[in-house]
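Notes for the structure review
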Amino acid sequence: MFLPSIRPAAALALLAFALSGPAHAALAVGAAAPDFSADAAVGGQPFKFHLADALKQGPVVLYFYPKAFTSGCTVEAHNFAEATDKFKALNTTVIGMSNDDIDTLKKFSVEACRSKFAVAADAAGKVIKDYDVALKMVPGTMADRISYLIAPNGKVAAVHASMDPDGHIDAMLKAAEKLKK
């Protein structure tokens with residue numbers, strides 16, 4: 001009887017440990033960013049996001065996050081929402097991606113993203129696998145917290161890898177400003 005109560009506690013401890021560790025960046029600056037299409041939502045409205053099409057308009061910040069509506073992911077989404085106008089001034093598109101389903105992300109795009117930028121669903125984990133950003137300590141397709149700035153030529157221009165949601169926005173803004181020069 002005592003053992004079952006340890007298992008959930010151990011699982012929570014493992015998850016907390018995994019989420020507190022340093023994020024890794026699988027793609028280095030200069031690497032080709034894998035193209036993808038995904039179901040996405042902005043302001044609760046679904047659409048199909050295609051990286052190649054977005055890059056025709058300018059650079060893209062593709063940020064991966066573990067799970068919609070968790071505290072760190074909500075903070076990060078709020079921060080990106082507050083910086084949306086700065087990214088737009090740099091002609092840069094922002095899109096978040098997780099393994100959540102599109103129905104969850106429709107709500108997240110309104111509540112956490114404040115209808116300012118899109119979030120994309122990678123429920124099967126294909127894009128997470130292609131970018132090699134799966135959280136190593138948690139089996140499955142949950143993403144690590146990693147932000148990429150992808151230049152219009154499809155190459156990674158900057159990477160910020162940290163499970164701490166703070167820092168991603170500043171790092172991507174600085175990289176977008178540098179890319180614009």
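These figures come from a predicted structure and were not determined experimentally.

Here the focus is the overall build of the protein chain. When helices and strands are tallied, the protein chain shows seven helices and seven strands. Mapped in sequence order, the helices and strands of the protein chain form the string α-β-β-α-β-α-α-β-α-β-α-β-β-α. Looking at the 181 residues of the protein chain, the share that counts as buried comes to 46%. The long-range share in the protein chain, meaning contacts at least 24 apart out of those at least 6 apart in sequence, stands at 67%.

It is worth spelling out the sheet that holds strand S6 (residues 146-150) at this point. Spatially, the seven strands line up as an open sheet ordered S2-S1-S5-S4-S3-S6-S7, and their pairing is mixed. In this open sheet, the two strands that pair with only one neighbour each are strand S2 (45-50) and strand S7 (156-161). For this sheet, the mean inter-axis angle between neighbouring strands, taken without regard to orientation, is 25 degrees. Across two bridges, the pairing between strand S1 (residues 37-42) and strand S5 (residues 118-121) is antiparallel. What sits directly across from Ala40, in S5, is Ala120.

We now examine the packing of aromatic side chains. For the coordinates displayed, the defined rule picks out twelve aromatic pairs. Residues Phe36 and Tyr131 carry aromatic rings whose centres are separated by 6.3 Å and whose planes lie at 85 degrees to one another, so their mutual orientation is edge-to-face. Linking Phe36 in the loop between helix H1 (2-20) and S1 with Tyr131 in the loop between helix H6 (126-130) and S6, this pair joins segments that are 95 residues apart in sequence. Taking relative accessible area as the criterion, Phe36 reaches 6% and is therefore assigned buried.

Turning to helix H5 (residues 102-111), a few remarks are in order. Taken together, the buried positions of H5 are Leu105, Phe108 and Ser109. The buried residues of H5 occupy one face: seen down the axis, they fall within an arc of 100 degrees. Among the exposed residues of H5, those oriented more than 90 degrees off its buried face are Lys107 and Glu111. Of the surrounding secondary structure, the elements contacted by the buried residues of H5 are S1, helix H3 (71-82), strand S4 (93-98) and S5. Between a side-chain oxygen at the N-terminus of H5 and the backbone nitrogen of Asp103 the separation is 3.1 Å; the capping residue is Asp101.

Criteria and thresholds
Residues numbered from 1 in each chain as written. Predicted model: local features only at pLDDT ≥ 70, side-chain atom pairs only at ≥ 80, totals over all residues. Heavy atoms only, no water. Helix = DSSP H or I, 4+ residues; strand = E, 2+ residues; numbered from the N terminus. Buried < 20%, exposed > 50% of the residue type's maximum accessible area, 1.4 Å probe, protein only. Contact = heavy atoms within 4.5 Å. Pairing = 2+ DSSP bridges. Axes fitted to C-alpha atoms, helices over the stretch in contact; angles between N-to-C directions. Phe/Tyr/Trp six-rings, centres within 6.5 Å; stacked < 30°, edge-to-face > 60°. Arc of directions from axis to C-beta. Polar contact = N/O pair within 3.5 Å; in protein donor to acceptor, adjacent residues only side chain to side chain.

What is shown is where atoms sit, not what they do.
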